[in-house]
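# Coordinates in review
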Amino acid sequence: MDKDKLLHFTLGPVQGFVSQARRTRDLWSGSFLLSYLSGQAMRAVLDGGGKIAFPDVGGQTNVTDPLLAAIMGHPLSTDENPQIGSLPNRFKAEVPDDFDPKRCRDAVQSRWQEIADAIWERYVAPVAGHGKGTKEIWKRQVESFWEMSWVLGEDPGDRSDQRWLDLRKNWRTHHPPAEPGDKCTLMGSWQEISGYVRAKERDAQKEFWNELRQESGELNLGEHERLCAIALIKRLFPGVAEDAIGWKLEASTWPSTPYMAAVPWIEEAHERSEAEEYLNILQEDGTPRWAFGEYDTKLPCLRGAGRFAKLDGNLFHKTALDNERAMPELSAQKREKLLDVLSKLNRAVGHPASPFYALLLMDGDRLGSLLQHDQIDPKDVSRALARFTEGVDEIVGEHCGRTVYAGGDDVLALLPLDRALSAAEKLRERFLKSFDDVLGVRRPKGEDGEPIRTTISAGLVFAHYNTTLRSVMREAHRLLDEVAKDKNGRDSLAVSVLTGSGRTVEWVSGWEESPGGTLIARHLQNLASSFDEQFAGRFFYNVRERFGVLTGEDDHTLIPGLDAEKLLVAEYLKSREREGDREAAEAVIEQLLKVCRERRGGEPADEGTLDVSGAMLVRFLATKGRGVER
């Protein structure tokens, strides 16, 4: 009998497909499609007599991953219609000696083509005659987008096969065709499909997109969007999912970024009498067609919140409501009435909605090295990651968020500002526990004699809802890869505050105050809750200057002989504008200093440092970005 071979397979581009998104549903749809297509390659392996060695998805007759089970035609009773991508874009398999990896490539391309054809027939074909070479552009882009790589070989016996794909990527063989003409407003390196050049054929181009907008629905295609085939497939895929993949996808449940920012406020506002008054005014003389655009966001904390919680997210924010261009269908009189009632509702709640939401990106540390370790069974790593993935969506839901993607060691989620840090903590806890449960006492020791650690890092962006999602995703990847992992040594949490004008805060720290100690995010949360918004504004106004005195210019090293705690306690009491409780002030400042020390992943804090970004992050969290970060 021939010996099985090892197959390593990868599908891309990942960021080029997922991160280029204008709406939250674009992020989810792109992540789901990528995961679904990776599942097609896995199915080709299983149908060909092979088995998936990594990730842990079960076998041909007992698939345990809900998405792969649905793809195989035997959905799990616990998740018959999976809505979240759970399969990574790369996998390792054991295959028969005669297995041809092209079967994986063909499976992916075939199903991708079927999805593209379904979208073409339903939405694009009826208006293609208004375009200029639209069918040719569509065909070129659909056929040339995906980049698939694989390596097939004998098991080397030393786990060096884990590096095969990385070496293979140095030999680039995928070269997409040149893209002429006007470019896609979402994926800027691809031609938009009307085929017209806006500078010369504006009217014809406009007519094409108006026709396609009518065909697809204005909620699916914005007024100024002109998309390539790839972006259109991401956007319109949920509408053909039942026919194309066999089950419905709930695209309309994805909250917009203004909505996600307003979630904590909606929780408090929906039961107020002013909320009912707001609804009544909105529905006078006919309700604008877009007004209830959020449908049912499926956020657990808003179950039972009624029609108020289904309003378009912009209607919760004064600046958006006051923007005539954003809501042209509102008459001046109705707009004035709504603004008046919204002001009353804000006073009843005690504050307006925050304009910031959170995007969380997490990724396991040094997973490749772990898989190559000669004392760790790769199957144990795979089982631990599967256990972690199983719990992700529940944790995100408990924090009133939505999971965009959860597969292997990767997580992407949208969360309200006030619960994002807690969610990150709980997910890290789940990750560590998953490995503890699987490895137990079998966890080997490293060269230092200590048990080998399995850690995860995170990039958390607090973004203004007007900031483009592409910018937010780019920032999340930068925080995770460059700041949390490379700069801070992994096992770290990196956080930033992002507005349309740029980054206003960047902070990074190891997860724990000291190895095995209190989670540093707890200090952030406790500090934020200890400052009311008005006092936070007064106290932190001069903090940057005070830190400059303590550390000198452009340096985080404390000047010898200065008592940082004493100086900051005095500032805290002074900002109170009355004699305060010195003992309480000392407790607050002690906590504040903990989040302002430099702290690499897995190491104790450097007590000789002081970084003002920790204080600025506390200020932001305490004020929820209201009136502070613009």
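Look up a bit, the structure's there.
Now for a description of the structure that goes with this document. Note that the coordinates shown come from a computational prediction; the quantities given were computed from them, not determined experimentally.

## Quick word on the overall build of the chain
The secondary structure content of the chain amounts to 22 helices and 10 strands. Relative to the globule expectation of 25 Å for 630 residues, the C-alpha radius of gyration of the chain, 26 Å, shows essentially globular dimensions. In terms of principal-axis extent, the alpha carbons of the chain reach across some 80 × 75 × 50 Å. Looking at the chain alone, contacts between residues at least 24 apart form 72% of all its contacts between residues at least 6 apart.

## Here's the deal with the sheet that holds strand E5 (residues 356-364)
Reading across from one edge, E6-E7-E5-E8-E9-E10 is the order of the six strands in this open sheet, with mixed pairing throughout. Each edge of the sheet is formed by a strand with only one pairing partner; in this case those strands are strand E6 (402-407) and strand E10 (502-510). Mean inter-strand twist for the sheet, computed between neighbouring axes without regard to direction, equals 15 degrees. Two elements, E5 and strand E7 (residues 410-416), share seven bridges in a ladder whose sense is antiparallel. Counterpart to Leu360 in the pairing with E7 is Ala413. Its contacts with the sheet put helix H14 (residues 378-398) on E6, E7 and strand E8 (456-464), and the angle it makes with E6 is roughly 175 degrees. Of the strands in this sheet, E5, E8, strand E9 (492-499) and E10 are in contact with helix H22 (residues 612-623), which crosses E10 at around 115 degrees.

## Let's talk about the state of the cysteines
What makes a disulfide is a covalent bond joining the sulfur atoms belonging to two cysteines. One pass over the structure, following the stated rule, counts one disulfide. Note on cysteine connectivity: Cys301 is disulfide-linked to Cys400, with sulfurs 1.7 Å apart. Between Cys301 and Cys400, the S-S torsion sits near -65 degrees, and that sign places the bridge as left-handed. In this pair, Cys301 is assigned in the loop between helix H10 (273-282) and helix H11 (318-321) and Cys400 in the loop between H14 and E6, connecting sequence segments 99 residues apart.

## Let's talk about the packing of aromatic side chains
The tally for this structure, following the rule as stated, stands at 34 aromatic pairs. Here Arg307 stacks its cationic end above the ring of Phe292, 4.0 Å away from the centre of that ring.

## A closer look at the environment of Asp481
Structurally, Asp481 can be placed in helix H16 (residues 469-487). We classify Asp481 as partly exposed; its relative accessible area is 31%. When the C-alpha atoms of Asp481 and Met362 are compared, they prove to be 9.9 Å apart, with 119 residues separating the residues in sequence.

## Focus on the side chain of His477
Within the element layout of this structure, His477 appears in helix H16. With relative accessibility at 17%, the residue His477 sits in the buried group. In contact with His477, not counting residues within four places along its chain, are Gln15, Ser19, Leu361 and Glu482.

## Observations concerning the packing of helix H17 (residues 520-530) against H22
For the pair H17 and H22, interaxial distance at closest approach is 8 Å and the crossing angle is 55 degrees. Looking at the two axes, H17 sits oblique to H22. Regarding H17 and H22, the two cross each other, and that crossing is right-handed. On the side of H17, the interface is formed by Leu524, Leu527 and Ala528, while H22 contributes Leu617, Val618, Leu621 and Ala622. Looking at the contact of H17 with H22 residue by residue, the classes come out as seven nonpolar, no polar and no charged.

## With respect to unusual backbone geometry
Note that the residue after Gly12, namely Pro13, is joined by a cis bond; omega there is 5 degrees. Along the chain, Pro13 falls in the loop between strand E1 (5-12) and helix H1 (15-18). Put simply, Phe54 and Pro55 share a cis peptide bond, and its omega is 5 degrees. Positionally, Pro55 belongs in the loop between strand E2 (51-54) and helix H3 (66-71). Non-glycine residue Arg366 carries a positive phi angle of around 50 degrees. Here Arg366 lies in the loop between E5 and helix H13 (367-372).

## What about the nonpolar core?
Grouped together as the largest cluster of nonpolar side chains are 132 residues, with contacts concentrated most on Trp138, Ile193, Leu212, Ile245, Trp265, Phe308 and Tyr357. Setting aside residues up to four positions removed in sequence, Ile193 forms contacts with Val124, Thr134, Ile137, Trp138, Gln141, Phe208, Trp209, Leu212, Leu227, Cys228, Ala229 and Leu232. By size, the runner-up hydrophobic cluster in this structure holds 77 residues, among which are Ile376, Ala413, Val505 and Phe547.

## So, helix H15 (residues 420-439)
The end-to-end C-alpha distance of H15 is 29 Å, a good match for the 28 Å that 20 residues give at a rise of 1.5 Å each. Directly beyond the C-terminal end of H15, a positive phi value near 50 degrees is found at Gly440.

## Brief notes about a nonpolar patch on the surface
Taken together, the side chains of Val549, Ile559, Leu562 and Leu567 present a nonpolar region at the surface, about 290 Å² in accessible area. The residue Ile559 is located in the loop between helix H19 (543-551) and helix H20 (564-575) in this model. Under the relative-accessibility criterion, Ile559 is labelled partly exposed at 35%.

## A closer look at the sheet that holds E1
Spatially, E2-E3-E1-E4 is the arrangement adopted by the four strands of the open sheet, whose pairing is antiparallel. Edge positions in the sheet fall to E2 and strand E4 (147-153), since each has one partner strand and no second. Taken pair by pair, the neighbouring strands of this sheet meet at an average axis angle of 30 degrees, ignoring direction. Pairing analysis gives six bridges linking E1 to strand E3 (residues 90-95), with the strands arranged antiparallel.

## Observations regarding the environment of Gly85
Positionally, Gly85 belongs in the loop between H3 and E3. Note on Gly85: relative accessible area 0%, which makes it buried. C-alpha of Gly85 to C-alpha of Thr403: the two residues are 318 residues apart in sequence and 9.3 Å apart in space.

Rules used in this analysis
Residues numbered from 1 in each chain as written. Predicted model: local features only at pLDDT ≥ 70, side-chain atom pairs only at ≥ 80, totals over all residues. Heavy atoms only, no water. Helix = DSSP H or I, 4+ residues; strand = E, 2+ residues; numbered from the N terminus. Rg over C-alpha atoms; globule rule 2.2 N^0.38 Å. Contact = heavy atoms within 4.5 Å. Pairing = 2+ DSSP bridges. Axes fitted to C-alpha atoms, helices over the stretch in contact; angles between N-to-C directions. Disulfide = S-S within 2.5 Å. Phe/Tyr/Trp six-rings, centres within 6.5 Å; stacked < 30°, edge-to-face > 60°. Lys NZ or Arg CZ within 6 Å of the ring centre and 35° of its normal. Buried < 20%, exposed > 50% of the residue type's maximum accessible area, 1.4 Å probe, protein only. Parallel < 35°, antiparallel > 145°, perpendicular 65-115°, else oblique. Left-handed = near helix turned anticlockwise from the far one by under 90°. Nonpolar A, V, L, I, M, F, W, Y, C, P; charged D, E, K, R; others polar. Core = buried A, V, L, I, M, F, W, Y, C linked by side-chain atoms within 4.5 Å. Expected span 1.5 Å × (residues − 1). Patch = residues over 30% accessible without salt bridge, like charges linked within 9 Å, V, L, I, M, F, W, Y side chains within 5 Å. Areas by Shrake-Rupley, 256 points an atom, 1.4 Å probe, with all protein chains shown as cover. Salt bridge = Lys/Arg side-chain N within 4 Å of Asp/Glu carboxyl O.

Interpretation note: all reported values are geometric properties and have no functional meaning in isolation.
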